[in-house]
Amino acid sequence: MDASNALLKRLCSHVTGISDDRVTSHFQLAVNLLNEGWSGAAAKDHNVVADKIRRRLVREKRLEDAARFSGLMNKLMKSEVPRNKASILSFFLALSQDNTSLSSTRILTLSTAQSPVHENGLTNGHQTEEAFPIPKLFHNVDACLSPSSTAPPGPRVPPGVNSLPSLNVQSARHGGSEMTSGSNRVARLAAMYKGAATANPDSPFAELQQQSPAERLQFPQNIHKQTSKSTKEELIEVTEKVLIREVLFIFQGIEGKIIKMDVNKDGFRLDPKVRLSLSQKELIMKLTEVGWLYNQVKNFCEWGGRGTGSERTADRTAAGLVNQSLVMALREELNEYCRLIAVLEAQIQEGGDTPMGEPMGGLTLRRLVLWTLEPRTHLKALALLTHAAREVYGGACVSAIYQHMHHGDPGHRTVVRHVLNMACTPLYVMLTQWLLDGTLEDPHHEFFIASDHTVSDDKLWQDKYSIRWCMLPSFISKSQAQKVLASGKSLNFLRNVCHFRAPIAGRDAIKSALQQTTVESLFTQDENSQLDNLVSLTFRETSRHVLEEILTRHKLMDHLRALRRYLLLGQGDFIHYLMQVLTPELGGPATYLYPHNLSSLLETAVAASNAQYEEPDILERLDVRLLEISPGDLGWDVFSLDYHVDGPIGTVLTADCMRQYLMLFNALWKDKRMEMILSDIWKEQAATSKLCRDLPELGVVLHGVQLLTTEMVHLVHQMQYYMTFEVLECSWHGLMTNLKSAQSLDDVIAAHNEFLKRIVAGALLDSKSKQVRTHLRTFYNLIQNLRGLQERLSLAVSAEVNARKNAEAEIKAKTDAGDFGTTAEQQDLEKRRRKEFLTKVVPKLKSDLRINTQTYQDMVQSFLLMLSQHDDQNLHLLCTRLDFNEYYHRRDHRLNQRLTYHHKRKSMGTSFCQ
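Keep in mind that this is a model prediction, so the values were computed, not measured.

### Some remarks on the overall build of the protein
- Counting its secondary structure elements, the protein contains 37 helices and eight strands.
- In the protein, which comprises 914 residues, the proportion classed as buried is 49%.
- Across the protein, contacts joining residues at least 24 apart in sequence account for 71% of those joining residues at least 6 apart.
- Surface summary for the protein: the accessible area is close to 45,300 Å², and the carbon and sulfur share equals 53%.

Next up, the structure:
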């Protein structure tokens, strides 16, 4: 081994022309080259190196040499003498590289660990990465591997070199054989240099032979100057230490003298006046990526984390608390990065200022690449986060950052987790304050709960607080957001609307659950359920307290029952008596009505019915109301009952709900009035039928009026039955069931709104039943016409009966007086009067009856057809009950399919298309 080292040192001294201790550095480079090879990890496998040699021969179209190399490679693999076969092949491959300028430097990529190299032996451990100049010595690798003492036919050699001796790979491992092998190697290299210099005096080898040993030490720089003579301007030589300092400036976002900012391309560029090899340029441009990433993160921090270009603002607080926290997290990461820069600055001081290509003991470009592997990954993750958060703020910002949590790299997730933890801190503080106290401090509108301070407390629950969906973080579900909204809203409702000052019962449990949560629990719900438990507990406790307050203390159920009894006409005796006492007042023009008179009549009706036993608070809220008066309106058209609501119950019984109650009251009040009109008609018919016993000519008219009245009574009764039992009672039962199972005030409001929706639709007051309701109003007009017909009939019968009685009484009186009972003239007058009655009055009554009957039946027929085609199944049953004897069924065959499966499918399909 000592003989091999001596031969290698002699070879280095011969090649460089240095004979003193300065050749030690070249000897170490040669040791590294022989031990590790030129291509780093790839050179450790002799098959990889052999394949590179073979591909190069094929690329140069030297197929015969490639075949010969394969044979020599097989012999080399069978030999047990060489131990580092891959290093040997790499060494010869490096020597054969085409480098006519002798100025390029091949950088040997080795492992990061550095082991010392001793002069008394070659080491097989990891070597220090250095640069070594390799001249163009061989053009044919076959000459290096040939076992013969002569070169194979047709080798390609430098001019002036006729033949190159080959290396005997079968040399012995120890003793004189190894010494002979080393001597042959030195002799071959010396002959090669000498032959090349003799054959070509202008070659670099000839110039090298003429230089002194001191000049030969600067071999790489001399070659650089030689090759740059053809250019107009001589390139500037720089040391590696200068390049490293430039790179460290770039790491800090500072432009250097060699590496400059390229604004057009958003990157860096190298000064073309500086001489750099291709590998050095690649290393420098790779290192500048770290500086570019640093600039991206730093610029984001300088502008407060929000806005780009013209949208940027110097006011960093305008970006919001979340973006400010994000900037703080990024600055912490940049501070760690700056500590690394300080460490690298200290590493520069360890090495001397050596020329390019010469070894140095401190920091090198390749070592700098290794130093910055982890910081580059770190900065890349931060740059991605800044890009995602550039145009958003608040909850949308943390949502954009949270998307990077789903990354396959654990290191990337760790960086995102740390940044997201600090960015979510303001939202976590807002969330805890909202859940615990119901306070909302969000000056920059970053939280997903929004507050409208212009809304009064009576509309607090519906309008004051809402969810700002654009700021809802993606790691919080919509159901959780609804619970968070309801929890804080419940606390404000208790404090501002119910004026409840005592702490809620579950506040201690909420505090305990809050202490167990952290900021990370916001975005790590897949790992723990702390946040969900906190939200659920707060929602449950606050909602339970609100329900107890509004149902028990403020008696919401009593108010709902009062509305059911009075505005929905559930208190029958009160409604009947009220209608009786109001008839004289409401029968006149609406302009003659006075609210105080109506209020007095209302109190009379309350005192005369079971309504007098209601609680005083309920009766105080019950009042009369006059609707807007139009020309020609009667009192019946503008009268309405009213129920005043305020305080917490106004949250459930909103103004919109009360308008729907008034609309329902007017519809039910009109139905009730039609029933009263038909009842009066029936009473008049009973009296008229007794008078008509002496007027057989009016029997047909009276019978027709009675039949029409009966049909109308049937229709009104069926409509009232439908409204009372199938709509009101069923809907009321559903409301009570839903209220018993309600878990929050929102559930109560939703149940009450659903109740109103069902009865409005059942009363044919919704948009889908507009045409049906129009027909129903036509029926009411026909009932009014029937009452007019009945009044004319009663007047005609009364007048005719009275006239006949008066004539008979006069005849009887004259007869009793002993005179003739009548005269011819009086008989003629009586006959003309009766004839006029039979020819004018009776036909007119029959004609009006016929018109009313036909109009009514046509309207009923179309009304039944609408009911049969309606989506509501209860209206189908109503249609069946109205046509119980199938009278209209026989008149219109379209009513045959009203309850068949085919008709239902057709109706459902039509409604779906609409």
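On we go.
### Concerning the pattern of salt bridges
- Under the criterion given, the structure shown has 33 salt bridges.
- Linking Asp457 and Lys464 is a salt bridge whose minimum nitrogen-to-oxygen distance equals 3.9 Å.
- Here Lys464 falls in the buried class, since its relative accessible area comes to 12%.
- A network of salt bridges, in which partner residues are shared, links Glu697, Glu800, Arg804, Glu830, Arg833 and Arg834.

### Some details on helix H34 (residues 824–868)
- In this model, H34 (45 residues) spans 64 Å end to end at C-alpha, consistent with the 66 Å of a helix rising 1.5 Å per residue.
- The sharpest bend along H34 reaches about 30° and sits at Phe837.

### A closer look at the packing of aromatic side chains
- Taken as a whole and assessed by the stated rule, the structure comprises 15 aromatic pairs.
- Residues Tyr721 and Phe725 carry aromatic rings whose centres are separated by 5.0 Å and whose planes lie at 40° to one another, so their mutual orientation is tilted. Highlighted residues: Tyr721 and Phe725, both in helix H31 (residues 699–740), separated by four residues, approximately one helical turn.
- The class for Tyr721 is partly exposed, based on a relative accessible area of 38%.
- Using a relative accessible area of 45% as the deciding quantity, one classes Phe725 as partly exposed.
- Summarising the aromatic geometry, the rings of Phe779 and Tyr856 are spaced 5.8 Å apart at their centres and angled 55° between planes, so their arrangement reads as tilted. One end of the pair, Phe779, is in helix H33 (residues 770–816); the other, Tyr856, is in helix H34, with 77 residues separating them in the sequence. Each of the two residues, Phe779 as well as Tyr856, counts as buried.

### Some words on the pairing of strand S3 (residues 259–262)
- Bridging between S3 and strand S4 (residues 267–270) involves four bridges; their strand directions are antiparallel. Directly across from Ile259, in S4, lies its bridge partner Leu270.
- Hairpin connection, S3 to S4: the antiparallel pair is bridged by four residues, and Asp266 has positive phi, about 55°.

### Here we look at the packing of H31 against H34
- Where H31 meets H34, the axes come as close as 10 Å, and the angle between the chain directions of the two elements is 25°. By the angle between their axes, H31 is roughly parallel relative to H34. In the crossing of H31 with H34, the sense of the turn from one axis to the other is left-handed. Between H31, through Val700, Val701, Gly704, Val705, Leu708, Glu711, Met712, Leu715 and Met719, and H34, the contact on the second element is made entirely by Val842, Leu845, Lys846, Leu849, Asn852, Thr853, Tyr856, Gln857, Val860 and Phe863.
- When its residues are assigned to classes, the contact of H31 with H34 shows 13 nonpolar, four polar and two charged.

### What about the nonpolar core?
- Of all hydrophobic cores here, the largest spans 204 residues; its most connected members are Phe251, Phe448, Phe574, Tyr661, Trp669 and Leu698.
- Sort the elements by how many residues they give to this core and H31 lands first, with 16 residues.
- Apart from residues no more than four positions distant in its own chain, Phe251 is found in contact with Leu287, Val290, Gly291, Tyr294, Tyr337, Ile341, Leu344, Leu368 and Thr372.
- Residues Ile53, Leu57, Phe69 and Leu93 belong to the second largest nonpolar core, which totals ten residues.

### Thoughts on the side chain of Thr372
- Following the sequence through the fold, Thr372 ends up in the loop between helix H14 (365–371) and helix H15 (373–388).
- Residue classification places Thr372 among the buried residues on the basis of a relative accessible area of 1%.
- Setting aside residues no more than four positions away along its own chain, Thr372 makes contact with Phe251, Leu287 and Val290.

### Examining the side chain of Thr386
- With respect to the helices and strands, the residue Thr386 is situated in helix H15.
- Those residues within four positions of Thr386 in sequence are excluded, and the remaining contacts are Gln296, Val297, Phe300 and Leu330.

### Here's the deal with helix H20 (residues 478–497)
- Between its first and last C-alpha, H20 extends 27 Å over 20 residues, near the 28 Å set by a 1.5 Å rise per residue.
- With respect to burial, H20 is a largely interior element, 14 of its 20 residues being buried.
- His499 sits one or two residues past H20 and shows a positive phi near 55°.

### Focus on the environment of Glu808
- Within the element layout of this structure, Glu808 appears in helix H33.
- The exposure class assigned to Glu808 is exposed, which follows from its relative accessible area of 53%.
- When the C-alpha atoms of Glu808 and Thr822 are compared, they prove to be 9.6 Å apart, with 14 residues separating the residues in sequence.

### Concerning the environment of Asp872
- Position of Asp872 among the secondary structure elements: in the loop between H34 and helix H35 (873–882).
- Between the alpha carbons of Asp872 and Ala761 there is a distance of 9.2 Å; along the sequence they are 111 residues apart.
- Here Asn874 takes part through its backbone nitrogen, which lies 3.1 Å from a polar atom of the side chain of Asp872.

### Quick look at unusual backbone geometry
- At Leu569, a residue that is not glycine, the phi angle is positive and equals roughly 60°.
- With respect to the helices and strands, Leu569 occurs in the loop between helix H24 (556–567) and helix H25 (572–586).
- Unlike most non-glycine residues, Leu764 shows phi in positive territory, near 60°.
- If you trace the backbone, Leu764 turns up in the loop between helix H32 (745–762) and H33.

### Thoughts on the packing of helix H30 (residues 655–691) against H32
- Across the interface, H30 lies against H32 with an axial gap of 11 Å and an inter-helix angle of 25°. When the axis of H30 is compared with that of H32, the two are roughly parallel. You can see that H30 and H32 cross each other, and the crossing is left-handed. For the pair H30 and H32, the contacting residues are Cys657, Gln660, Tyr661, Met663 and Leu664 in the first and His752, Asn753, Phe755, Leu756, Ile759 and Val760 in the second.
- Residue composition of the contact of H30 with H32, grouped by class: eight nonpolar, three polar and no charged.

### Observations regarding the environment of Gln324
- With respect to the element layout, Gln324 can be found in helix H13 (residues 321–348).
- Sequence spacing of Gln324 and Pro426 is 102 residues, and the spatial spacing of their C-alpha atoms is 9.5 Å.

### So, the confidence of the model for the protein
- In the predicted model, the protein carries a mean pLDDT of 77, and the fraction of residues at 70 or more is 78%.
- The model gives residues 36–44 a pLDDT under 50, and that stretch makes 33 contacts with residues more than four places away or in other chains.
- Here residues 307–314 is modelled with pLDDT under 50, and outside its nearest four sequence neighbours on either side it reaches ten contacts, counting other chains as well.

How each quantity is defined
- Residues numbered from 1 in each chain as written.
- Predicted model: local features only at pLDDT ≥ 70, side-chain atom pairs only at ≥ 80, totals over all residues.
- Heavy atoms only, no water.
- Helix = DSSP H or I, 4+ residues; strand = E, 2+ residues; numbered from the N terminus.
- Buried < 20%, exposed > 50% of the residue type's maximum accessible area, 1.4 Å probe, protein only.
- Contact = heavy atoms within 4.5 Å.
- Areas by Shrake-Rupley, 256 points an atom, 1.4 Å probe, with all protein chains shown as cover.
- Salt bridge = Lys/Arg side-chain N within 4 Å of Asp/Glu carboxyl O.
- Expected span 1.5 Å × (residues − 1).
- Bend = angle between axes of the 7 residues up to and from the residue.
- Phe/Tyr/Trp six-rings, centres within 6.5 Å; stacked < 30°, edge-to-face > 60°.
- Pairing = 2+ DSSP bridges.
- Axes fitted to C-alpha atoms, helices over the stretch in contact; angles between N-to-C directions.
- Parallel < 35°, antiparallel > 145°, perpendicular 65-115°, else oblique.
- Left-handed = near helix turned anticlockwise from the far one by under 90°.
- Nonpolar A, V, L, I, M, F, W, Y, C, P; charged D, E, K, R; others polar.
- Core = buried A, V, L, I, M, F, W, Y, C linked by side-chain atoms within 4.5 Å.
- Polar contact = N/O pair within 3.5 Å; in protein donor to acceptor, adjacent residues only side chain to side chain.
- pLDDT = per-residue confidence, 0-100.

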